[in-house]
Amino acid sequence: MNRPYLLPSPPQNVPPQMPPMSTQYAAARDGDDEFVLGDLLSILRRQIWWILAITVVLTLLATVYAYMQTPTYSADALIQVEPNEQNVVGLTGPSGAPSTNAQLSTAAQIELLKSRSLVAGIVDQFDLDFAAYPNSFPFLGKISNKLWHGTGVSKPWLGLKAYAWGGEQIKVGSIDVPRALEGAKLQLKALPDDRYELSAPGDHVLLDGTVGELEHGNGVSILVTTLAARPGTMFTVIKSNELNAVQGLSDALRVGERGKDSGVLEVSLDGSDPQMITDVLNAVTAAFLAEHLARKQEEASKMLSFLNGELPKFKQDLENAESALAQYRAKAGSMQPTAESATYLTSGIEYEKQIATLRVQRTQLLTRFTEQSDVIRSIDDQIATLAAEKGRLDARFNGMPADQQAAVALERNAKVAEEVYVQLMNKSQELSVNRAGTIGNVHVVDQAMRPSTPIKPKRSLIIAGAAIFGLILGSLFAFVKQTFFSGVDDPDQVERTMHLPIFGSISYSVEQARFDGSAALEKTPPRALLGGGPPSQNRGLVVRAADERTRDGVGLPLLARQFPHDMTVEALRNFRTALQFGMADAANKVVALTGPAPSVGKSFLAVNLAVLMAEAGKRVLLIDADLRRGHLGDYFGRRGGIGLSEVLSGQIDPVDALVTTGMHNLHFIGSGAHPPNPSELLMTPRLRQCLEELDASYDIVIIDTPPVLAVTDASLIAHVAGTTVMVLRSGAHTEREITESLKRLDRAGARVLGGVFNAVPGNRGRHHGYEYEYAYSYQYGSGPR
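Thresholds applied
Residues numbered from 1 in each chain as written. Predicted model: local features only at pLDDT ≥ 70, side-chain atom pairs only at ≥ 80, totals over all residues. Heavy atoms only, no water. Patch = residues over 30% accessible without salt bridge, like charges linked within 9 Å, V, L, I, M, F, W, Y side chains within 5 Å. Areas by Shrake-Rupley, 256 points an atom, 1.4 Å probe, with all protein chains shown as cover. Salt bridge = Lys/Arg side-chain N within 4 Å of Asp/Glu carboxyl O. Helix = DSSP H or I, 4+ residues; strand = E, 2+ residues; numbered from the N terminus. Core = buried A, V, L, I, M, F, W, Y, C linked by side-chain atoms within 4.5 Å. Buried < 20%, exposed > 50% of the residue type's maximum accessible area, 1.4 Å probe, protein only. Phe/Tyr/Trp six-rings, centres within 6.5 Å; stacked < 30°, edge-to-face > 60°. pLDDT = per-residue confidence, 0-100. Contact = heavy atoms within 4.5 Å. Arc of directions from axis to C-beta. Pairing = 2+ DSSP bridges. Axes fitted to C-alpha atoms, helices over the stretch in contact; angles between N-to-C directions.

What follows is about a nonpolar patch on the surface. Among the surface-exposed residues, F469, L473, L476, V480, F484 and F485 lie close enough to one another that they form a single nonpolar patch of about 630 Å² accessible area. Tracing the chain through its elements places L476 in helix α12 (residues 459-485).

Glancing now at the nonpolar core. Membership of the largest hydrophobic core comes to 41 residues, with the highest contact counts inside it found for L579, L622, L666 and I702. In terms of residues, this core owes the most to one element, helix α19 (residues 602-615), which gives 10 residues. V246, L265, V267 and V442 belong to the second largest nonpolar core, which has 29 residues in total.

Outside of glycine, negative phi angles account for most residues, and trans bonds account for most peptide bonds. Of the consecutive residues K456 and P457, the connecting peptide bond is found in the cis state with omega at -5°. Position of P457 among the secondary structure elements: in the loop between β12 (442-446) and α12. Of note in the backbone geometry, D203 takes a positive phi value of approximately 65° without being a glycine. Among the structural elements, D203 can be located in the loop between β5 (195-200) and β6 (204-210). For D203, a relative accessible area of 70% puts it in the exposed group. Phi is positive for N665, close to 70°, though the residue is something other than glycine. Looking at the secondary structure, you find N665 in the loop between β16 (659-660) and β17 (666-669).

Inspection of the entire model under this criterion finds six aromatic pairs. Ring centres of F137 and W165 lie 6.0 Å apart, and the angle between their planes is 25°; this geometry places the pair in the stacked category. Of this pair, F137 sits in the loop between β2 (130-134) and α6 (140-147) while W165 sits in the loop between α6 and β3 (169-176), and the two are 28 residues apart along the sequence. Overall, F137 belongs to the partly exposed group, its relative accessible area being 24%. With centroids separated by 5.6 Å and ring planes inclined at 15°, the aromatic side chains of W157 and W165 adopt a geometry described as stacked. Aromatic ring contacts, followed pair by pair, group F137, W157, Y163 and W165 into a single cluster.

Moving on, we get to the pattern of salt bridges. With the rule as written, the count across this model stands at 13 salt bridges. Across the pair D270 and R254 runs a salt bridge, and its minimum N-O distance is 2.6 Å. Here D270, found in strand β11 (residues 264-271), pairs with R254, found in strand β10 (residues 254-257); they are 16 residues apart in sequence, far enough to count as distant. Residue class for D270 comes out partly exposed when judged on its relative accessible area of 27%. In this structure R254 comes out as partly exposed when scored by relative accessible area, which is 38%. R751 is paired through a salt bridge with D585; the nearest N and O atoms lie 2.7 Å apart. Of the two residues, R751 is situated in the loop between α25 (735-747) and β20 (752-760) and D585 in the loop between α18 (567-582) and β14 (590-594); the sequence distance between them amounts to 166 residues. On the accessibility criterion, D585 (35% relative accessible area) is partly exposed. Connected through salt bridges with shared partners, the residues E740, R744 and R747 form a single ionic network.

So, on to the confidence of the model for the protein. Here the protein averages 78 in pLDDT, and 77% of its residues register 70 or above. A low-confidence stretch, residues 86-103 (pLDDT under 50), is modelled with 39 contacts involving residues beyond four sequence positions or located in other chains. Note that pLDDT drops below 50 for residues 780-785; the model gives that stretch 10 contacts with residues more than four away or on any other chain.

This part is about helix α4 (residues 106-113). Residues of α4 that are buried include every one of Q109, I110 and L113, and no others. With its buried residues spanning 100° around the axis, α4 presents them on a single face. In α4, those exposed residues whose orientation departs by more than 90 degrees from the buried face are A107 and E111.

Let us now look at the sheet that holds strand β9 (residues 234-239). Within the open sheet, the five strands sit side by side as β2-β9-β4-β5-β6. Their pairing is antiparallel. Edge positions in the open sheet fall to β2 and β6, since each of these has one partner strand only. Each strand of the sheet is rotated relative to its neighbour by a mean of 25°, with strand direction disregarded. As paired elements, strand β4 (residues 185-191) and β5 share five bridges and run antiparallel to each other. Counted as the bridge partner of Q187 is S199 from β5.

In structure tokens, the structure reads:
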């Protein structure tokens, strides 16, 4: 084995001292935070096809849903409720308290409109307690019915003759079922010759019948008036419980007051049949008016009966008062009333009239309320108040002469009896007119009219909402996919979120891919040897097995040697420059290249970086520290042999493991035999001693290590190395993987100088990729390569 002559001389061409790159980065990263919005927009741009696909799919689904939904129409009517008129004597007490016959509240009118007594008649009138409809195949049946515009019945789709596909009709005139079958979905099967078969759930046949005839069987009676369908088509017939049907219509009616204290009620009803809901709503308003009028006429009849019974008594009281006054005047002669007696007469008449009116109301209300009710007690309190005030009035005029007091009392009684009698007569005549009339205090302002435009579904709103929701959902999916499921392909993102300086981006090399494909046979080599490309570009590349394409003295092609002016090589040179500056304050000249996972291109970077360092006049040592799957020797035609594992186990000295590479200033130590305990070997003090000995003889020692997350070997090596570089493959790692790799290296005490992005596609236009455009334009823009 050829061994180089080792000179323990100090490193040459050491670059000037510079501040640590982490310090420079920390000072500059605050300025990068302003590009967060740009990064978010960049994520959306990279995932734009996913966003558009999700938006289009949701919009199409919403469109289908909007056009497949059954249209819903709404009809409405307006009813005006005027204040109720007073029943007997429309007076209020002296305290201003309202009469007991107050107007019914709007809430009461609303409840009356939705009452069962009113709605039950509408249910019977329109047969709303049963329904019959054809069975449609899910989704496809709606589409077929929407598309069918011909005459007759549509042909069945997919040979499913039991379902309705368009044109099927059924009308049931009446149906009666036992209580056990109320609400059950009965199945009616169309048969030839206008016949049908009705079955209960569980395929129990109830009866066979003919269209147009009332049929009976098993407690069920049904009259089918219309049946248009192919033989074998199934229909569903449901007979609801009467209470459920009434409650259903009551709940469907929407009643509310239009405007505050306006007395105008708006009644509306929704449904799929515009003519049906219009007819039902007009029937509801007509029934409400008829019920209200009947109630008013009944009330007027009761009041008229009461007044007719009271009028003779009041007429007799009037006659007696007038007779007593006439007799007194005939006996006493004509008297000229004084001013005092006139005042007493006027005030007394007012009090007596109010007291008399309240007593009439009390007598009337006793037919509906008890003596202990609040209404009767309120009237009693008013009568007592008026009587007390009248007593005080009488006490003021006690000094009048007796003959004047008697004359005033008789005249007052006569006038009060006359006014009360006349008022009762007028009310009696008014009630007679109301009882015979057909107009109450409830009026239909606007009758329901058949609507032509459905209120639901709002297709434009649904489609627009689905499109907006699709954009939001697609954007959210893009962020989640980029954050948790997609690899990081933006160096700026790594620098900003993980505080890891990125030395540069190594573009995907077409020439390296040709190297790997030129010896294609049957087996795909590990991607760690490739110059790197996205998985979609490397997938399917078949090359020779490593043991078939290498032999002693003949190695794999090196991109840095074969294409020294390739843009990928130029990016490697930039990486080399940044690495030299970053190593200025390192503890030693040992550089460990590692990555989160396999197949990130560590070996490719290590070997080409070593070649470029050697070409720059550096004495370079390349070590394959992957004691499990090392294959760097394939580049130099050195498969197998002794190497690092033998050095660590103490079998040989480091000098004995060195091999030549055929390139000036570049030497190599392979991984050696694969030991059963690689981690234990790397934990021995032998590793540090070996690297210290080699570090003294070379300008730079580059170590290719296993992945950090796969095994602990990389952490052990990074602990000893003065500089560690994280190799990241574009789009191959999630943020979590990169973060966990950095945590492991930090716990191992490694000095992670920064990272480098490998296999970056050529269409990346971030500022890390600007150097490629500038380099190509500067070096090769004047002529062909």
